[in-house]
Amino acid sequence: MAAGLLATPAAAASGSTQAGKAAATHATPRPAVSVSATKASPSNSDECPVKVTFSSKVKVKAYASKTKVSYRWLRGDGSKGPVKSFVVKGKGVKSVTVKESSTFKGGDLKGWQALQVLAPRKVTSAKGYFSVSCGDGGKRILNTGSVGARVWVDEGNCEASLIGRITSSGPRWVRYQWVVNGRVVDRDAVRVDGTRRVSYTIRPHQDLRGWAVLEVLDPASTRSNRAYFKIECRNWSPKVSASVDTPASYEGDCPVTRTFTGTISASYGQGQAKYRWIRDGVAGSWQDVYFSGNGYQTRTVSDSWSTSVSGTSKRAIEIYGGPTSGTVEGKVTCKPAPPASKAWIQTEKTSVTPTAGTCPAASVTGTGSIYATGPITVTVTWTLNGSVVKSEELTFTSEGTRDVSFTSASDGLKGGTVKLAIVGAGSTTADYSAVCPA
């Protein structure tokens, strides 16, 4: 994708804030992968045409509900097949047999193929060897003469047809292959008696330029002229779509943050796509997501919703120049907050008692009771004739009553006033008369 999955808008705003990341999960172990030795069937043949099927069994020990396996075929001539994939569903050991077939129309040929798994782990099977020796209907033609080749390019809409012409001075089976930008893309064998037309079509699904040659391998090695091509896929546009998962409904303490999770999918290609969140009908800023692999791919994005009150919120994802996902709705129900705890003095339980003695050594004792409706911490003070004589902090863990008291010299006074107070929550006073000589 030379220009990205989708066109970039003329002036895209900065990416919207994604206030939450998807919750971290424990890492899933990588699946174990093994492949059996490749088998060629038939492995030997002296009849033509013959179809040789190569097969290998792939075993995957999966830990996830879906595991994608990518693979390709390796060939004895150094070429590699296209990368393909399949998906195994469920956990545990799964087995899938992968096959590829080639048809040989004549000639003598020996070679091998092997299966190479690329993901989730890279592993290559043992080689499967084959031999084709059938000449011309089982009889090799040994006549002499030169074999030549030429190639032309017929370019079409997002494809190029390579048209080749093989000439021979006499009847014979000719093995040939097509080479595009230095890579073998196809090979076959045909019977030629004078001249024979062969062809191959390139369908890259994206802009491509380069060169192609037709190579004759047997009975005489020769190459065609190099034909250049330029393929333009102006209307090529991969399909990009999106979906959004609804967070589970929540009921409990608030404020709370909920996370919407979206999945952006691309049918094929490499590059970037632009998307934005639609929050309760209001479009956010455009953001980018990148694809770098082959075939079907997905990317996960998220958007958060924070609230302090009960209610609902809706989300959708819009693809730039593409579709908009379905809208989902999250729901939050906030439990009412419990009333704040309070504390007060139980005045009926507050008293002051003077203790007899020779003034000024006489003393005064006060007792009181503090009641709280629930968990709370308060500061309690005793004041004697305007001076604080005791201060303490009381912590209640639940509803209940705590007793408080003080004892202090009477300061030689015949009488006075004692005040019991909860800082910031009220007070009560009591008068006393000292028990000492005047």
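Structure shown above.
Residues numbered from 1 in each chain as written. Predicted model: local features only at pLDDT ≥ 70, side-chain atom pairs only at ≥ 80, totals over all residues. Heavy atoms only, no water.

Q: Help me understand the state of the cysteines, please; the structure alone is not making it clear to me.
A: Covalently bonding the sulfur atom of one cysteine to the sulfur atom of another cysteine gives a disulfide. The full count for this structure, using the stated rule, is one disulfide. Through a disulfide, Cys254 is tied to Cys334; the S-S separation comes to 1.9 Å. Measuring handedness by torsion sign, the sulfur bridge of Cys254 and Cys334 sits at about -85 degrees and is left-handed. Of this pair, Cys254 sits in the loop between strand S20 (250-252) and strand S21 (256-266) while Cys334 sits in strand S27 (residues 328-334), placing them 80 residues apart in sequence. (Disulfide = S-S within 2.5 Å. Helix = DSSP H or I, 4+ residues; strand = E, 2+ residues; numbered from the N terminus.)

Q: Mind showing me how you'd approach the nonpolar core here?
A: Across soluble globular proteins, nonpolar side chains have a tendency to be buried as a group. In this structure, Val52, Val58, Phe86, Val98, Phe104, Leu115 and Phe130 are the most contacted members of the largest nonpolar core, which totals 21 residues. Those elements that place two or more of their residues in this core are strand S1 (32-35), strand S4 (50-62), strand S5 (66-75), strand S6 (84-89), strand S7 (92-104), strand S8 (108-119) and strand S10 (128-133). Top contributing element to this core by residue count: S4, with six residues. For Phe86, the contacting residues outside a window of four places in its chain are Val58, Thr67, Lys68, Val69, Tyr71, Val96 and Val98. Trp277, Ile317, Val332 and Cys334 belong to the second-largest nonpolar core, a separate cluster that totals 19 residues. (Core = buried A, V, L, I, M, F, W, Y, C linked by side-chain atoms within 4.5 Å. Buried < 20%, exposed > 50% of the residue type's maximum accessible area, 1.4 Å probe, protein only. Contact = heavy atoms within 4.5 Å.)

Q: I keep staring at the layout of surface pockets and nothing clicks. Help me out?
A: To find the voids left in a structure, one rolls a probe of water-molecule size over its atoms. One number sums up the size of the largest pocket: a volume of about 1,600 Å³. Forming the walls of the largest pocket are 50 residues, and the residues nearest its centre are Lys80, Gly81, Pro82, Val83 and Arg183. At the level of elements, S5, S6, S7, S8, strand S13 (172-180), strand S14 (183-192), strand S15 (195-202) and strand S16 (208-218) are the ones that each hand at least two residues to the lining of the largest pocket. The residue inventory of the lining of the largest pocket, partitioned by class, reads 18 nonpolar, 19 polar and 13 charged. Reported here for the second largest pocket is a volume of approximately 300 Å³. Every residue along the wall of the second largest pocket is listed here: Lys68, Thr263, Tyr296, Gln297, Thr298 and Thr300. By residue number, the principal contributor to the lining of the second largest pocket is strand S25 (residues 297-307), which donates three residues. Split into classes, the residues belonging to the lining of the second largest pocket amount to one nonpolar, four polar and one charged. (1 Å grid on protein atoms, 1.4 Å probe; cavity = no way out; pocket = protein on both sides within 12 Å on 5 of 7 lines; lining within 4 Å. Points joined across faces, edges and corners; volume = space filled by probe spheres on them. Nonpolar A, V, L, I, M, F, W, Y, C, P; charged D, E, K, R; others polar.)

Q: Explanation requested: unusual backbone geometry in the structure shown.
A: Glycine aside, residues mostly have negative phi, and peptide bonds are mostly found in the trans state. Between Ser41 and the following residue, Pro42, the backbone shows a cis peptide bond with an omega angle of -5 degrees. When you line up the elements, Pro42 lands in the loop between strand S2 (39-41) and strand S3 (44-45). Phi angles above zero are rare outside glycine, and Asn181 is one such case at about 50 degrees. In this structure, Asn181 sits in the loop between S13 and S14. Positive phi, normally seen in glycine, also occurs at Asn385, with a value near 50 degrees. One can find Asn385 in the loop between strand S31 (376-384) and strand S32 (387-396). Looking at Asn385, the relative accessible area reads 32%, which means it is partly exposed.

Q: What exactly am I supposed to notice about the sheet that holds strand S35 (residues 427-433) here?
A: Two modes of strand pairing occur in sheets, parallel and antiparallel, and in both the strands are linked by backbone hydrogen bonds. An order of S32-S31-S34-S35 is seen for the four strands of this open sheet, with the pairing classed as antiparallel. Two strands bound the open sheet, and with one partner strand each, they are S32 and S35. Looking at each pair of strands side by side, their axes are set apart by 15 degrees on average, direction ignored. (Pairing = 2+ DSSP bridges. Axes fitted to C-alpha atoms, helices over the stretch in contact; angles between N-to-C directions.)

Q: I'm lost on empty space enclosed by the protein in this one. Help?
A: If you walk through the whole model with that rule in mind, you get one cavity of 30 Å³ or more. Considering the residues around the largest cavity, the lining is formed by Phe104, Leu109, Arg175, Tyr176, Arg187, Asp188, Ala189 and Leu217. Among the elements that make up the lining of the largest cavity, the one with the highest residue count is S14 (three residues). Here the lining of the largest cavity is built from residues that sort into five nonpolar, no polar and three charged.

Q: Please clarify how the sheet that holds strand S19 (residues 240-245) should be interpreted in this entry.
A: Pairing in this open sheet of three strands is antiparallel, and the strands run S19-S21-S25 from one edge to the other. Taken across any chain shown, the strands that pair with only one partner, and hence form the sheet edges, are S19 and S25. Averaged over all pairs of adjacent strands, the angle between strand axes in this sheet comes to 20 degrees, irrespective of strand direction. Where S19 meets S21, six bridges bridge the pair, whose relative direction is antiparallel. Bridged to Ser241 within S21 is Ser265.

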